[in-house]
Amino acid sequence: MRLILAEDSVLLREGLTRLLHDTGHEVVAAVGDAQALLVAVGAHHPDVAVVDVRMPPTHTDEGLRAALEIRERFPEVGVLVLSQYVEKAYAAVLLAGNTGGLGYLLKDRVSEVADFLDSLERVHAGGSVIDPEVVRQLLARTTHVDPLSRLSPRETEVLRHLAQGFVNTAIAERLHVSLSTVEKHINAIMDKLDLPRDPTYSRRVLAILRYLDT
């Protein structure tokens, strides 16, 4: 893959560059701020841009806004967003639109090299990847309502895998059940959560966002 890295920590940026180079990928640009990221994407048209959420000058949401702009201006470029912590509001913004070619991982996941590289491959292939901890917190119970109370334990497990970006066949393999069983669980999940059958929306994403604890 041809990659662009946007990370203001020089140590992490250099470490990722070396890791990706050693595993056969090409880092065409490594930058430290959101503006430089947008310029680099326009110049190089990479396969995937790896973007830190918080970047200079304010270290708030510059990376997120740049990621959203890349999604709008360069839809062919995959985007893998990295965050130090679970940013529920930021995750909601990213997941509100088309999730193809999109990933959201916690930075701790980078240390799990095989998982990180697998996430890059899935984003490059047009899939979606969401950190399991992000999914757990997005689907967490609140004091007001239990969003998963209508789901069986197995349906909840299937939903977590869906939210992490796994396709039906991969879920079947991971849960050691048949593909038809997974499909039945997914249909039950969508019905129990009363998700609209509207082709303009992704019911899989809505299953997460409906109970987002803001």
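Above this note sits the structure.
What comes next is a walk through the structure. Nothing here was measured: the structure is a model prediction, and the numbers come from that model.

Points about the pairing of strand S5 (residues 102-106)
Point 1. Counting buried positions along S5 gives 5 out of 5 residues, so the element sits mostly inside the fold.
Point 2. Neither face of S5 is exposed, since Leu102, Tyr104 and Leu106 on one face and Gly103 and Leu105 on the opposite face are all buried.
Point 3. One ladder, built from 5 bridges, connects strand S4 (residues 78-83) with S5; its direction is parallel. Note that in S5 the partner of Val81 across the bridge is Tyr104.
Point 4. Both S5 and strand S6 (residues 128-130) contribute to a ladder of 3 bridges, which runs parallel. Considered in S6, the bridge of Tyr104 is made with Ile130.
Point 5. Following the backbone out of S5, through helix H5 (residues 113-124) and into the adjacent parallel S6, one traces a crossover that is left-handed.

A few points about the pattern of salt bridges
Point 1. One pass over the full model with this rule turns up 10 salt bridges.
Point 2. Among the salt bridges present, the one from Glu112 reaches Arg109, with a minimum N-O distance of 3.4 Å.
Point 3. The residue Asp131 makes a salt bridge to Arg109 at a minimum N-O spacing of 2.8 Å. Highlighted residues: Asp131 in the loop between S6 and helix H6 (132-138) and Arg109 in the loop between S5 and H5, separated in sequence by 22 residues.
Point 4. Residue classification places Asp131 among the buried residues on the basis of a relative accessible area of 0%.
Point 5. If you follow the salt bridges from partner to partner, you end up with Glu7, Asp52 and Lys107 in one network.

Some points on the environment of Thr23
Point 1. Following the sequence through the fold, Thr23 ends up in the loop between helix H1 (10-22) and strand S2 (26-31).
Point 2. In this structure, the C-alpha to C-alpha distance between Thr23 and Leu117, residues 94 residues apart in sequence, is 8.8 Å.
Point 3. Reaching out from Thr23, the side chain makes a polar contact with the backbone oxygen of Leu19 at a distance of 3.0 Å.
Point 4. Within the structure, the side chain of Thr23 is placed 3.1 Å from the backbone oxygen of Leu20, a separation counted as a polar contact.

Cut-offs and rules
Residues numbered from 1 in each chain as written. Predicted model: local features only at pLDDT ≥ 70, side-chain atom pairs only at ≥ 80, totals over all residues. Heavy atoms only, no water. Buried < 20%, exposed > 50% of the residue type's maximum accessible area, 1.4 Å probe, protein only. Helix = DSSP H or I, 4+ residues; strand = E, 2+ residues; numbered from the N terminus. Pairing = 2+ DSSP bridges. Right-handed = clockwise from strand over helix to strand, strands pointing away. Salt bridge = Lys/Arg side-chain N within 4 Å of Asp/Glu carboxyl O. Polar contact = N/O pair within 3.5 Å; in protein donor to acceptor, adjacent residues only side chain to side chain.

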